[in-house]
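Summary of structural features
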2 protein chains.
Amino acid sequence: MTLAGPGRPRARQSTRPGATAREEILDAAAELFTTQGYATTSTRAIADAVGMRQSSLYHHFGTKDDILEDLLAGTVAEGLAFARAVAEVPATDEGAASPAARLHAVALFDGTQLCSGRWNVGILYHLPEARDERFSGFLADRAELRGLYRNLGAAAVPAPLRPGDPQHQGELAFRLVESLVSLRADGQVTPASPLQVADAAMVLCGAGSMLGSIRKQSLELVDRLGRELPHA
Amino acid sequence: MTLAGPGRPRARQSTRPGATAREEILDAAAELFTTQGYATTSTRAIADAVGMRQSSLYHHFGTKDDILEDLLAGTVAEGLAFARAVAEVPATDEGAASPAARLHAVALFDGTQLCSGRWNVGILYHLPEARDERFSGFLADRAELRGLYRNLGAAAVPAPLRPGDPQHQGELAFRLVESLVSLRADGQVTPASPLQVADAAMVLCGAGSMLGSIRKQSLELVDRLGRELPHA
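Thresholds, definitions, all that
Residues numbered from 1 in each chain as written. Chains lettered and ligands numbered in written order. Predicted model: local features only at pLDDT ≥ 70, side-chain atom pairs only at ≥ 80, totals over all residues. Helix = DSSP H or I, 4+ residues; strand = E, 2+ residues; numbered from the N terminus. Contact = placed C-beta atoms within 7 Å. Least-squares fit on C-alpha atoms with pLDDT ≥ 70 in both. Domains from an automatic or database assignment. Nonpolar A, V, L, I, M, F, W, Y, C, P; charged D, E, K, R; others polar. pLDDT = per-residue confidence, 0-100. Core = buried A, V, L, I, M, F, W, Y, C linked by C-beta atoms within 7 Å. Buried ≥ 20, exposed ≤ 12 C-beta atoms within 10 Å, placed from the backbone.

1. Digging into the environment of Ile123(B)
Within the secondary structure, Ile123(B) is located in the loop between α5 (99–116) and α6 (136–156). Separated by 65 residues in the primary sequence, Ile123(B) and Tyr58(B) have C-alpha atoms spaced 25 Å apart. For Ile123(B), the contacting residues outside a window of four places in its chain are His126(A), Thr34(B), Val181(B) and Ala185(B).

2. Side note on the relation of the copies chain B and chain A
At an RMSD of 0.0 Å, chain B and chain A line up after a rotation of 180 degrees and a shift of 0.0 Å along the axis. Here the symmetry operator amounts to a two-fold rotation axis. When you check the interface residues of chain B against chain A, 100% turn up at the interface there too, and the contact is symmetric in its surfaces.

3. With respect to the domain arrangement of chain A
Residue and element names in this part refer to chain A. The domain architecture assigned to chain A consists of domain 1 (15–60) and domain 2 (73–228). Taken residue by residue, the interface counts seven residues in domain 1 and eight residues in domain 2. Tallied by class, residues from the side of domain 1 that touches domain 2 come to four nonpolar, one polar and two charged.

4. Topic: the confidence of the model for chain A
All names here are of chain A. Here chain A averages 89 in pLDDT, and 91% of its residues register 70 or above. Predicted confidence is poor over residues 1–9, with pLDDT under 50, and the contacts of this stretch with residues over four places away or in other chains come to 12 contacts. Both confidence scores are given for the complex: pTM 0.90, ipTM 0.88.

5. Topic: the nonpolar core
Val106(A), Leu124(A), Ala201(A), Val106(B), Leu124(B) and Ala201(B) are the most contacted members of the largest nonpolar core, which totals 138 residues. If sequence neighbours within four positions are ignored, Ala201(A) has contacts with Leu103(A), His104(A), Ala107(A), Ala173(A) and Leu176(A).

6. Section: the interface of chain B and chain A
Every contact between the two is made by 24 residues of chain B and, on the other side, 24 residues of chain A. Of all elements in the fold, only α1 (21–35), α7 (168–185) and α8 (193–204) of chain B reach the threshold of two or more residues within the side of chain B that touches chain A. Per-element accounting of the side of chain B that touches chain A gives the leading share, nine residues, to α7(B).

Below you can see the structure in the form of structure tokens.
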């Protein structure tokens, strides 16, 4: 028997993945929101899907919006932490990756996160509800992540290829990675999809002929910085 | 006074764009679904937003799902009709566009459709509800459009650039065009966005150095075939 939430022993059998009751609630909500819809899912239905009383659920989350906020935040947290770490590696470091390899690593890591959860939570970005200022924390994180893609893109693209908006290719990389959510909803995602999207971002940056060395540097970054991340 | 629906004179002032009551209902529903959410919008709220009785709305649509079906179908109808027309131009025609220019034209035309309606209806693709087999007509149309992108992509990419899935670049083009929906939801779309996405598809196909001639052929296709389409 493990302790769940505010000091209560768990009297029931665990039915969901997750080390804590909180994680089980998030898993059940993610399933229901992505398969049945957000508005049509009640906290009662979530509690039922976990096998707990609705009143117990309220020990962990005050409202259904709080659950959505946690799920949304979870889709960007690790990608953002990784992108920040990549952006902070000094270019003068021994073995510092090229700008293109940095963008590749961010796309690969972020895309892998979007494809790897049990439920396709990224699809909830598209809810009108998710644009509400109640979710300003998530929205700010996603905007920061988008900005890091744009900056990395500008650094990766040779000047002659960016006559207009220098951040254009970074924007396209961000959008391509997010399109993995739609690919997944269509049942078309494969284990190779995140790498394919990161590679496509390189082609858009005019770095397609250097894919071999970029991939090598990118995988090193993912391995080294990914391991150091605080676990979300 | 114009006739609206089944022979009834319209006794009220029109408050919405649309030549018929049916179009006004679709406009109001598109606004409410994309800004408030699908599940939370009632047919009563739609009728109120048009300024008609709920019972009058039911002369035009039996259920809320029927309205959603019409809206979803509207987002692919013209893009699909155009892509079919492009795919059917015999390669032997005088002035037949290159495979790359055909893919460019489809992306440009389809992307322009997604960006041009009053409401960002494409965002409704991401509703779990929209994956239901009630919407099999829309889903089949979208799948056919995706298949046309994939085929055009395979024809556009030189063999050495497609060692794996020959339709990979066509798939990426389809996803990039659909990402305009997300760009629009973020308030980042500009009049140049559809062309930028079509150009990016060319870079992914290894045809970036021929953009000048591709754009010229593509615009001719859009102009010639777009004009001949039955108006959706």
